[in-house]
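Spelled out, the chains give:
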Amino acid sequence: MHINDIFKAYPTTFSFEFFPPKNEEAAVELFANIARLQVLHPSFVSVTYGAGGGTRERTHDLIVRIQRETNLTAVSHLTCVCHSRDEINAILDRYAASGVENILALRGDPPRNAVNYDRARDAFQYAEQLVRFVVEWSRNSAKPPFGIGVAGFPEGHPDTPNRLVEMDNLKRKVDAGADYICTQLFFNNHDFYDFRDRCELAGIRVPILAGIMPISSKAGMIRMADLAAGARIPADLLRAVNRCKDDAAVANVGIQWATEQCRKLLDHSVRGIHFYTLNRSDATRRIYENLGVQDSLALQPQ
Ligand code: FAD
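Because the structure is a prediction, the values reported are computed rather than measured.

Visitor: What is the right way to look at the overall build of the chain in this model?
Guide: Within the chain, the regular secondary structure consists of 11 helices and eight strands. In terms of overall dimensions, the chain is globule-like: its C-alpha atoms have a radius of gyration of 18 Å, near the 19 Å expected for 302 residues. Viewed in the frame of its principal axes, the chain has a C-alpha envelope of about 55 × 45 × 45 Å. A separation of at least 24 residues holds for 79% of the contacts in the chain among residues at least 6 apart in sequence. Charge separation in the chain, taken as the distance between the mean sites of 35 positive and 36 negative side-chain charges, equals 2 Å.

In structure tokens:
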């Protein structure tokens, strides 16, 4: 289903993000978790895209498999880094042939081991150019046009310290043809509300989906702080985590915090919530339980 049809059908969307499994055993576990999450009726699920060769193939395979074996709408993340035009073209051809209708268009970050990575060698330096390319591909294709999402950063993206310039860059990316914005994870809803207001002031009118990730362990929190550009952990969350005697307690704190974030976002008419699941199902299912509902349909505004 095209993302715009999903937005038409549901006033609030609920989506789950996965990453490609490393091996067959992890793939079996992921599909078991996808089955557990499917009963929550997500509006769509998305699959991240790595910086290197092998993991990229696994993204393509996972997307096509979700599309073929489940009744879920699959959104594939796609990045500019380490790609030529021909490669992106081939990926879009393959997705279109497999019935994949939606892309999350990202710049991506250079591979971790690539010192002095030269972006000039990529066909596209910014996500905006990738959005334009996907729009152009759709225009020249007999297949239905791809739905396109882009990333947004409530607390700012580190590459652009000037937040006014950053909003101009975001607006250009949306004007290039993006249908919606999905945000980086955040722990303080006020950052999201302010970002949404600043988008409104900049004339950005597309749906903005809030990225939520429950903290599941102390080590996970440290990893997340490293990976999620811009995201800040508030002092009261940090204090609550520091009080925990073990990771089971940390997971409880994380689920409780994320539940409160979701409850308040729903009260503030959020257009969508995007859960970073880390390929697990427990935390997301418990958040739904805490919200007192069985599935996403029950979370639609009354
Ligand atoms: P861009 O929109 O290109 O912006 C990157 C930076 O460049 C920003 O600071 C922006 O202000 C600036 N900029 C934009 N245009 C210009 C211009 N014309 N001139 C100067 N500066 C400009 N990464 C992955 O590798 N794989 C994934 O699957 C993945 N999924 C993600 C999903 C979400 C929801 C989010 C929020 C992030 C994801 N990322 C992923 C991380 C993302 O790729 C990085 O954060 C990356 O650094 C920024 O990507 P972007 O698409 O926002 O880039």
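Here the narrative resumes.
Visitor: Is there a simple way to think about the site of the ligand in this case?
Guide: Around the ligand, 24 residues are found, and the nearest of them are Tyr49, Asp109, His157, Thr160 and Lys173. Residue aspartate 109 places a side-chain N or O atom 2.6 Å away from an oxygen atom belonging to the ligand. Within the side chain of arginine 172, an N or O atom sits 3.5 Å from a nitrogen atom of the ligand. When the ligand is considered free in solution it has 970 Å² of accessible area, and contact with the protein chains removes 85% of it. For the shell around the ligand, the elements supplying multiple residues, two or more each, are β3 (74–79), β4 (102–106), α6 (163–175) and β6 (180–185). Grouping the amino acids of the shell around the ligand by side-chain chemistry returns nine nonpolar, nine polar and six charged.

Visitor: Looking at this model, I keep getting lost on the packing of aromatic side chains. Mind explaining?
Guide: For any two aromatic rings, the description comes down to two numbers: the centre-to-centre distance and the angle of the planes. Taken as a whole and assessed by the stated rule, the structure comprises 10 aromatic pairs. Judged by centre distance (6.3 Å) and plane angle (80°), the ring pair of phenylalanine 16 and tyrosine 288 falls under edge-to-face. Of this pair, phenylalanine 16 sits in strand β1 (residues 13–18) while tyrosine 288 sits in helix α11 (residues 282–290); the two residues are 272 residues apart in sequence, bridging distant segments of the chain. Each member of the pair, phenylalanine 16 as well as tyrosine 288, is classed as buried.

Visitor: Mind showing me how you'd approach the pattern of salt bridges here?
Guide: Charged atoms that come close allow side chains of opposite charge to pair. On inspection of all chains with the given rule, the structure shows 18 salt bridges. Across the salt bridge formed by aspartate 226 and arginine 112, the nearest N and O atoms sit 3.7 Å from each other. Linking aspartate 226 in helix α8 (residues 218–227) with arginine 112 in the loop between β4 and α5 (127–139), this pair joins segments that are 114 residues apart in sequence. Note on aspartate 226: relative accessible area 51%, which makes it exposed.

Visitor: What exactly am I supposed to notice about the environment of lysine 22 here?
Guide: By the secondary structure assignment, lysine 22 is in the loop between β1 and α2 (24–38). Separated by 32 residues in sequence, lysine 22 and glycine 54 have C-alpha atoms that sit 9.4 Å apart.

Visitor: Teacher, can you tell me more about the side chain of lysine 173 here?
Guide: Position of lysine 173 relative to the elements: it lies in helix α6. As a buried residue without a salt bridge, lysine 173 has its nearest oppositely charged side chain in glutamate 166, at a separation of 8.1 Å. Among the polar contacts listed, one links the side chain of lysine 173 to the backbone oxygen of alanine 151, at a separation of 2.9 Å. Residue contacts for lysine 173: discarding those within four places in its chain leaves Ala127, Glu128, Val131, Val150, Ala151 and Ala178.

Visitor: What should I look at first to understand the nonpolar core in this one?
Guide: Soluble globular proteins tend to bury their nonpolar side chains together. Within the largest apolar cluster, 63 residues are counted, with the highest numbers of intra-cluster contacts made by Ile66, Leu92, Ile181, Leu265 and Phe275. Residues contacting isoleucine 66, with those up to four places away along its chain left out, are Phe31, Ile34, Val45, Val47, Leu72 and Ala74. Formed by 17 residues, the second largest nonpolar core is a distinct cluster that contains Met213, Ile233, Leu237 and Ala240.

Visitor: Which parts of the structure should I look at to understand helix α10 (residues 247–267)?
Guide: An α-helical turn contains 3.6 residues, so a residue and the one three or four places further along point in the same direction. When the terminal C-alpha atoms of α10 are compared, their 30 Å separation across 21 residues agrees well with the 30 Å that a helix rising 1.5 Å per residue should span. Along α10, the residues classified as buried are Ala249, Val250, Val253, Gly254, Ile255, Ala258, Thr259, Gln261, Cys262 and Leu265. Buried-residue contacts for α10 involve α7 (189–201), β7 (208–212), α8, α9 (235–243), β8 (272–276) and α11. Its side-chain oxygen placed 3.3 Å from the backbone nitrogen of alanine 248, aspartate 246 serves as the N-cap of α10. Downstream of α10 by a residue or two, serine 269 has a phi angle that is positive, lying close to 50°.

About the cut-offs
Residues numbered from 1 in each chain as written. Predicted model: local features only at pLDDT ≥ 70, side-chain atom pairs only at ≥ 80, totals over all residues. Heavy atoms only, no water. Helix = DSSP H or I, 4+ residues; strand = E, 2+ residues; numbered from the N terminus. Rg over C-alpha atoms; globule rule 2.2 N^0.38 Å. Contact = heavy atoms within 4.5 Å. Lys, Arg positive; Asp, Glu negative; His and termini not counted. Charge placed at Lys NZ, Arg CZ, Asp CG, Glu CD. Near = heavy atom within 4 Å. Polar contact = N/O pair within 3.5 Å; in protein donor to acceptor, adjacent residues only side chain to side chain. Areas by Shrake-Rupley, 256 points an atom, 1.4 Å probe, with all protein chains shown as cover. Nonpolar A, V, L, I, M, F, W, Y, C, P; charged D, E, K, R; others polar. Phe/Tyr/Trp six-rings, centres within 6.5 Å; stacked < 30°, edge-to-face > 60°. Buried < 20%, exposed > 50% of the residue type's maximum accessible area, 1.4 Å probe, protein only. Salt bridge = Lys/Arg side-chain N within 4 Å of Asp/Glu carboxyl O. Core = buried A, V, L, I, M, F, W, Y, C linked by side-chain atoms within 4.5 Å. Expected span 1.5 Å × (residues − 1).

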